[in-house]
Amino acid sequence: MTAPGPHMPTPDRDESRRRFFKFLAASPLAALAYASLPHGWLEELAAKEPVDPFVPGSWRVPECVSCGAPILPPAAAPANAHLSLPTRQQAPQQIPPQNAQEEQLTGSLIASPEDAVNVWDFERVTHENNLAQHWDYLHMGVEDYETRRANREGFNRLALRTRRLSAEPPKRPDTSIEILGQRFNSPLFLCPVAALQAYHTQGEAGAGRAARRRGILQIQSNQSSMSYEEIAEARGEPHWFQIYTQPDWNRNKRLIDRVAAAGCPTLVWTVDLLGGSNRELARRSVVGEGTQGALCQNCHNHQQGYQRPMNRDSGPAGERIPYTWDWVSRLKDASDMNFVIKGIVTAEDAEMAIEHGADGIFVSNHGGRAENSLWASIDSLPEVVAAVRGRVPVMIDSGVRRGTDVFKALALGADAVGIGRPYVWGLGAFGEDGVDRVIQLIMAELGIVMGQTQTTSVAEINSRFVMERPNPIMMRHNELGFGL
Ligand SMILES: Cc1cc2nc3c(=O)[nH]c(=O)nc-3n(C[C@H](O)[C@H](O)[C@H](O)COP(=O)(O)O)c2cc1C
């Protein structure tokens, strides 16, 4: 047999896995493996009622989840029953198709938010639902996406040091936090993402309602599709606002005054695009031919104030001026709002920002959309935390996809942890309910890891719970670039 060489097509790994599972399911080996299990002892134990001393009479005969037939203890089952287990072909008609495993392997689309097992389940649906240009704008990173990838690798390089038992019976984990005078149910928050109506007509209002339902912070983008007042009304309470400054100070001041008058408690200034960013996908796809089409112009050019944020492929629109640290004091002094600076990745900048009056530091590389630094946001967190020395809260985003990522960031000293793309995947897939489910999934994952580490409050999560692994674990990856 010829060994596959570089010129030969490599076998499709998913396809071979699928074939392997099919083979296993149909094989008599499966029945033999079943027979060799020490079955019976659990059922015997369970049959001694009551099983759970706290729930009298809780035991009942277990049923097959597919057809509802009782699963009999071995004594009641005919001898050699394991040898005549129905194969898939012989199975009675009422058993639904056993394709769950295959759907996991092929990445089928979910039909409702409840079907989602993790946040990536929403990514494919949003991809399917969306215009190519809108999708590209959401998905892209700068240059070769290396910072975007590094953001995930950074989290994957951190391992958990779990603690198994505690002195006292553990309480239910309390994930609530207080940040800049406000209390939230979770350290998780929604980052400012431009133009959310490009993904769902509910836009920022839908995301805001979901955030409110779960009691978490939402930050509105300067480039949002809806006004501050519309979102605050939908949400039922004011949220934070992110600003991209303009060289004309009066324009900044008018915007600041407007959101402050609407009750905004905290202003966030994003500084990681001030030098521009090399968004190649935007140049190819978004600013290319397609955008001249009638379809795009219907929405964008025929509505006032509805210009394409994604058309500005290299950072905030308008002329660039050399911003200096004085702008921090200037923006801070322009209102009574708290002032947070977003896009800090170094100890030096964190120190300067605090010196100039920042009330909070937001560690971020814009989800890999600023510069191709190849430096994970989570990897820049420790030096920022060390420089801040607890004087102001530290927030972080970029690459957060799991409750364990939130936990790791908290362990390294973050006070709050943000998601960008994942909630937009939820929004693009199912509107408010999709965002709600994304938040719920990550919060549930955080609850599990807190349970596993015996931590009962966010304050108890410290650096003793994480350690660095020498090599990142295998990345989620496929040919379409999903899964980052
Ligand atoms: C499509 C898109 C638009 C964004 N728009 C803004 C914005 O208007 N203002 C801002 O400060 N950050 C913006 N960001 C960055 C996010 O606030 C956040 O830093 C980033 O998405 C976090 O990384 P993640 O997507 O990997 O979770 C945007 C991100 C994306 C993906």
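For the structure, see preceding data.
Per chain, residue numbering runs from 1 following the sequence as it is written. Note on the predicted model: pLDDT of at least 70 is required for a residue's local features to be given, and 80 or more for side-chain atom pairs to be given and counted; whole-chain, interface and lining totals, by contrast, use all residues.

Engineer: How would you explain the packing of helix H5 (residues 120-129) against helix H17 (residues 421-430) if you had to name every residue and give the values?
Structural biologist: Two elements in contact, H5 and H17, have axes whose closest approach is 8 Å; the angle formed by their N-to-C orientations is 55°. Overall, the two elements H5 and H17 adopt an arrangement that is oblique. Our pair here, H5 against H17, has a crossing hand that is left-handed. Residue-level inspection shows Phe122, Glu123, Val125, Thr126 and Asn129 of H5 in contact with H17, the latter providing Trp425, Gly426, Gly428 and Ala429. By residue class, the composition of the contact of H5 with H17 is four nonpolar, four polar and one charged. The axes are straight lines fitted to the C-alpha atoms, using for helices just the contacting stretch, and the angles between their N-to-C directions are given from 0 to 180°. Helix numbering and strand numbering both begin at the N terminus, where a helix is a DSSP run of H or I of at least 4 residues and a strand a DSSP run of E of at least 2. These descriptions rest on fixed angle ranges, namely under 35 degrees for roughly parallel, over 145 for roughly antiparallel, 65 to 115 for roughly perpendicular, and the rest for oblique. Handedness of each helix crossing follows the sense of rotation of the near helix against the far helix: counterclockwise by less than a right angle gives left-handed, clockwise gives right-handed. C-beta atoms are first placed from the backbone for all residues, and any pair lying within 7 Å is then listed as a contact. Ten residues, namely Ala, Val, Leu, Ile, Met, Phe, Trp, Tyr, Cys and Pro, are considered nonpolar, four, namely Asp, Glu, Lys and Arg, are considered charged, and the remaining ones, Gly among them, are considered polar.

Engineer: Explain the site of the ligand to me, and be specific about the residues and the numbers.
Structural biologist: Neighbouring residues of the ligand: 24 residues in total, closest Cys191, Ser221, Thr270, Gly367 and Gly420. Considering only residue class, the shell around the ligand consists of eight nonpolar, twelve polar and four charged. The rule is simple: place the C-beta atom from the backbone, and if it lies within 6 Å of a molecule or strand, the residue is near it.

Engineer: Quick rundown of the environment of leucine 410? Include the residues and the values.
Structural biologist: When you line up the elements, leucine 410 lands in helix H16 (residues 403-411). Put simply, leucine 410 and methionine 395 are 15 residues apart on the chain and 9.4 Å apart in space, counted from C-alpha to C-alpha.

Engineer: So what's going on with the nonpolar core? Residues and values would help.
Structural biologist: We define a nonpolar core as a collection of buried residues of the types Ala, Val, Leu, Ile, Met, Phe, Trp, Tyr and Cys that are connected via C-beta atoms lying within 7 Å of each other. To sort residues by exposure, count the other C-beta atoms lying within 10 Å of each residue's C-beta; 20 or more gives buried, 12 or fewer gives exposed, and values between give partly exposed, all with C-beta atoms placed from the backbone. Counting 100 residues, the largest nonpolar core has Ile341, Ile361, Val363, Val384, Ala409 and Ala414 as its most contacted members. Sorting elements by how many residues they give to this core places helix H18 (residues 432-452) first, with nine residues. Discounting residues that sit within four places of it in the chain, valine 363 has contacts with Ile344, Val345, Ser377, Ser380, Leu381, Val384, Val394, Met395 and Ile396.

Engineer: Tell me about H17, and name the residues and values.
Structural biologist: Most of H17 sits out of view: ten of its ten residues are buried. Looking only at H17, the buried set comprises Arg421, Pro422, Tyr423, Val424, Trp425, Gly426, Leu427, Gly428, Ala429 and Phe430. Against H5, helix H6 (132-139), strand S4 (188-190), helix H8 (203-214), strand S11 (416-419) and H18 lie the buried residues of H17. Positive phi appears at glycine 431, one or two residues downstream of H17, with a value of about 65°.

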